[in-house]
Amino acid sequence: LAKETKQKHQIQVMEEELMKNWAENKKDYCGQCLWEERMTCDQRVSFLNTRYNLPFDRGKATAMAESKRCTNSYQKKVRAEEDVKLAKFCPKCLWGPRLTC
């Protein structure tokens, strides 16, 4: 249950990030690709709109966050941010009272 909750949270965070930069990220949405085995991303968005009255752009971001197949730009941005953090890693700094990184 904790793992499932963590996954839902990660999806929500990704969805919010996709929406913040929707003008850039929407180009990665491909409606005809498979969201799941027998459902396209367009079908998923239509379901989310019909079932939950979710706006279409939000539904697209949700589908992208859930499937991770259409999130090329977002994933590249996340990896670049992680690379910057790793580049700033200092093995000599103190992590705790007696521990270094």
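This text goes with the structure placed above it.
This text gives an overview of the structure that appears in the document. Nothing here was measured: the structure is a model prediction, and the numbers come from that model.

Considerations on the packing of aromatic side chains
Under the counting rule described, the total for this entry stands at 1 aromatic pair. Ring geometry for phenylalanine 47 and tyrosine 52: centres 6.1 Å apart, planes at 85 degrees, overall edge-to-face. A residue is classified by how much of its surface remains accessible, and tyrosine 52, at 53% relative accessible area, is exposed.

What about the pattern of salt bridges?
Within this structure, the stated rule accounts for 5 salt bridges. Lysine 8 is paired through a salt bridge with glutamate 4; the nearest N and O atoms lie 3.9 Å apart. One end of the pair is lysine 8 and the other is glutamate 4, both in helix H1 (residues 2–20) and 4 residues apart, which spans about a single turn. By relative accessible area, glutamate 4 is classed as partly exposed at 44%. Among the charged side chains, a salt-bridge network with shared partners connects Glu15, Glu16 and Arg58.

Topic: the nonpolar core
General note: in soluble globular proteins, nonpolar side chains tend to be found buried as a group. Judged by nonpolar contacts, Met14, Leu18, Trp22, Tyr29, Cys33, Trp35, Cys41, Val45, Ala61, Ala63, Met64 and Ala65 together constitute the single largest core of 12 residues. Among the elements of the structure, H1, helix H3 (41–52) and helix H4 (56–67) are those that each provide at least two residues to this core. Element by element, the count of residues in this core is highest for H4, at 4 residues.

Concerning unusual backbone geometry
Within the chain, asparagine 53 stands out as a residue other than glycine whose phi angle is a positive 55 degrees. Here asparagine 53 shows up in the loop between H3 and H4. Asparagine 53 sits in the exposed class, given a relative accessible area of 63%.

So, H1
With 19 residues, H1 extends 27 Å between its outermost C-alpha atoms, agreeing within 8% with the 27 Å of an ideal straight helix rising 1.5 Å per residue. When H1 is considered as a whole, its buried residues turn out to be Met14, Glu15 and Leu18. In an axial view of H1, the angular spread of the buried residues amounts to 105 degrees, which keeps them on one side of the axis. Turned more than 90 degrees from where H1 packs its buried face, Ala2, Lys6 and Lys20 sit exposed.

Details of the packing of H1 against H4
Here H1 crosses H4 at 130 degrees, and the two axes come no closer than 8 Å. By the angle class used here, H1 and H4 are oblique. Of the two possible hands of crossing, H1 and H4 adopt the one that is right-handed. Judged by residue contacts, Ile11, Met14, Glu15, Glu16, Leu18 and Met19 of H1 engage Asp57, Arg58, Ala61, Thr62, Met64, Ala65 and Glu66 from H4. Of the residues assigned to the contact of H1 with H4, the class counts are 7 nonpolar, 1 polar and 5 charged.

About the criteria used
- Residues numbered from 1 in each chain as written.
- Predicted model: local features only at pLDDT ≥ 70, side-chain atom pairs only at ≥ 80, totals over all residues.
- Heavy atoms only, no water.
- Phe/Tyr/Trp six-rings, centres within 6.5 Å; stacked < 30°, edge-to-face > 60°.
- Buried < 20%, exposed > 50% of the residue type's maximum accessible area, 1.4 Å probe, protein only.
- Salt bridge = Lys/Arg side-chain N within 4 Å of Asp/Glu carboxyl O.
- Helix = DSSP H or I, 4+ residues; strand = E, 2+ residues; numbered from the N terminus.
- Core = buried A, V, L, I, M, F, W, Y, C linked by side-chain atoms within 4.5 Å.
- Expected span 1.5 Å × (residues − 1).
- Arc of directions from axis to C-beta.
- Axes fitted to C-alpha atoms, helices over the stretch in contact; angles between N-to-C directions.
- Parallel < 35°, antiparallel > 145°, perpendicular 65-115°, else oblique.
- Left-handed = near helix turned anticlockwise from the far one by under 90°.
- Contact = heavy atoms within 4.5 Å.
- Nonpolar A, V, L, I, M, F, W, Y, C, P; charged D, E, K, R; others polar.

Everything listed here is a matter of coordinates, which is why it stays silent on function.
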